[in-house]
Amino acid sequence: MLTPFPLTVFGTTLLIATLTVHIVLAIRARRRIPPLDALLRRHGRSDCGHVDTQIRDPKDVQREARAAVRDPHRPAEDRARAVHDLAHGRAATDTTRWTLRNTVQDRYLDEDHRFAMLTAYCRCDPEAALEALDLFARDGSNNAFRRLEAAQWITERSVRRRAVLAIATAAEVDAECRLKAATALKPLAPRDAEAAFQVIATDAAVGFGVRILAANEWALMDREAAVEALWRIVLATTTPWYWRIVAAAKLVMLRVRAAYDLLCEWIENPELPADARAQLSLTLKRLDA
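For clarity, every value in this text was computed on a predicted model and none was experimentally measured. Counting restarts for each chain, with residues numbered from 1 along the sequence as it is written. It should be noted that, the model being predicted, local features are given only for residues of pLDDT at least 70 and side-chain atom pairs only at 80 or more, the latter also being counted only at that level, while totals for whole chains, interfaces and linings use all residues. Processing note: side-chain calculations cover all non-hydrogen atoms of the structure and skip hydrogens and water entirely.

Q: Tell me about the overall build of the chain, and name the residues and values.
A: Starting at the N terminus, helices and strands are each numbered in turn, a helix being any DSSP run of H or I of at least four residues and a strand any DSSP run of E of at least two. Counting secondary structure elements, the chain contains 16 helices and two strands. Burial classes follow relative accessibility: with a 1.4 Å probe on protein chains only, a residue under 20% of its type's maximum area counts as buried, one over 50% as exposed, and anything between as partly exposed. A buried classification covers 42% of the 289 residues belonging to the chain. Should any heavy atoms of two residues lie within 4.5 Å, those residues are considered in contact. Within the chain, contacts between residues at least 6 apart in sequence are counted, and of these 50% link residues at least 24 apart. Reported accessibility uses the Shrake-Rupley method at a 1.4 Å probe radius. Residues are deemed covered only where the shown protein chains occlude them. Summed over all atoms, the accessible surface of the chain reaches about 17,100 Å², with 55% contributed by carbon and sulfur.

Pasting the structure below:
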């Protein structure tokens, strides 16, 4: 009959070896070494990389997570973990996801905080975050560029198109952001994108640089109309020389010969300011290269 001593030594050795392997793996992954009971049971990993290793009362997890996502003083890692717990951790439910969506929309919270929360939610589960992304993107009180970024994260094509279109056509949104939105709209709704480019390119209240960029994009869809918009900038005497030269150069790149002839005519103008002459000379050299 075998004595219990060899079995005890064998069991102890096996346990030490098992723990050693887990310790090495934990160090390599730069994670906190989990407790023994966690090592001895199977654990699940979420899509966002967080590991659910502790068996806890879901109500406790939910309560702590709700508090963490609203606390701007918590470390970003803790808040990201809380988002995971509410979005699709073991304690996640439809109610916790509803809570997370509403927290992202809570204007009493700082926008930087809410956007970071939304980013973590999207990284954690893009499908579940769709409604929160859509609401954030369509909220005119949020920063327009952040709204556009949120809209572009939306996985559902029709919802993304609607959100991006709302930004591209909103008069109160900065023209540069509208231009960026219109560009993002091209593969989703080409006709809507073309209409947005037209509005920006022909709006006298918009800066010349943005108008020229919009006309350049518009030319890919309606060359004749875009060329006409650029000519308005070139021929308007109220337009600064810098932008007249830039617009004329853009026309040359669109193969409008008359624009090149006009540039050559300007260089011969003795009344041309010195800085404009220097810019024009450099522009002609680049066009001739």
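And the narrative resumes.
Q: Summarise the packing of aromatic side chains; cite the residues concerned and give the values.
A: The criterion for an aromatic pair is that two Phe, Tyr or Trp rings (for Trp, the six-membered ring) have centres within 6.5 Å, with stacked assigned to planes under 30 degrees apart, edge-to-face to planes over 60 apart and tilted to the rest. Applying the stated criterion to the full structure yields four aromatic pairs. An angle of 90° between the planes, with centres 4.8 Å apart, marks the rings of Y242 and W243 as edge-to-face. Of the residues examined, W243 reaches a relative accessible area of 27% and is grouped as partly exposed. Through pairs of rings, three or more aromatic residues link up here, namely F115, F136 and W153. R244 extends its terminal NZ or CZ atom over the ring of W241, reaching a point 4.5 Å from the ring centre. By definition, being over a ring means that NZ of Lys or CZ of Arg is both within 6 Å of the ring centre and within 35 degrees of the ring normal.

Q: Kindly report on unusual backbone geometry, identifying the contributing residues and their values.
A: The backbone of R255 shows a phi angle near 65°, a positive value even though the residue is not glycine. Locating R255 in the fold gives a position in the loop between α14 (241-253) and α15 (257-267). A relative accessible area of 77% means that R255 is categorised as exposed.

Q: Please set out α15 residue by residue, giving values where relevant.
A: Looking only at α15, the buried set comprises A259, Y260, L262, L263 and W266. Taken end-on, α15 shows its buried residues confined to a sector of 160°, consistent with a single buried face. Of the exposed residues in α15, those oriented more than 90 degrees away from the buried face are R257 and E265. Summarising the contacts, the buried residues of α15 are in contact with α13 (223-235), α14 and α16 (274-288). This arc is taken over the directions from the axis of the helix to the C-beta atoms.

Q: A description of the environment of F208 should follow, citing residues and the corresponding values.
A: For F208, the location among the structural elements is in helix α12 (residues 208-219). Judged by its relative accessible area of 23%, F208 falls in the partly exposed class. As for F208 and W243, which are separated by 35 residues in sequence, their C-alpha atoms are 6.5 Å apart. In this structure, F208 is in contact with I233, T239, P240 and W243, ignoring residues within four places of it in sequence.

Q: Just give me the short version of the packing of helix α4 (residues 76-87) against helix α5 (residues 94-104), but keep the residues and values in it.
A: Axes, fitted as lines to C-alpha atoms, cover a helix only where it is in contact. Angles between the N-to-C directions of the axes lie from 0 to 180 degrees. Between α4 and α5, the shortest axis-to-axis distance is 7 Å and the interhelical angle comes to 135°. Taken as axis vectors, α4 and α5 run oblique relative to one another. Of the residues in α5, those in contact with V83, L86 and A87 of α4 are T96, R97 and L100. In the contact of α4 with α5, the residues fall into four nonpolar, one polar and one charged. By definition in this entry, angles of less than 35 degrees are roughly parallel, angles greater than 145 are roughly antiparallel, angles of 65 to 115 are roughly perpendicular, and the rest are oblique. The classification used treats Ala, Val, Leu, Ile, Met, Phe, Trp, Tyr, Cys and Pro as nonpolar, Asp, Glu, Lys and Arg as charged, and all other residues, Gly among them, as polar.

Q: Go over the nonpolar core with me, naming the residues and quoting the values.
A: Here is a general trend for soluble globular proteins: nonpolar side chains tend to be buried in one another's company. Only buried Ala, Val, Leu, Ile, Met, Phe, Trp, Tyr and Cys residues count toward a nonpolar core, and they belong to the same one when joined by side-chain atoms within 4.5 Å. L185, L263 and W266 are the most contacted members of the largest nonpolar core, which has 79 residues in total. The contacts of L185, once residues within four sequence positions are left out, are R161, V164, L165, A168, P190, D192 and A193.

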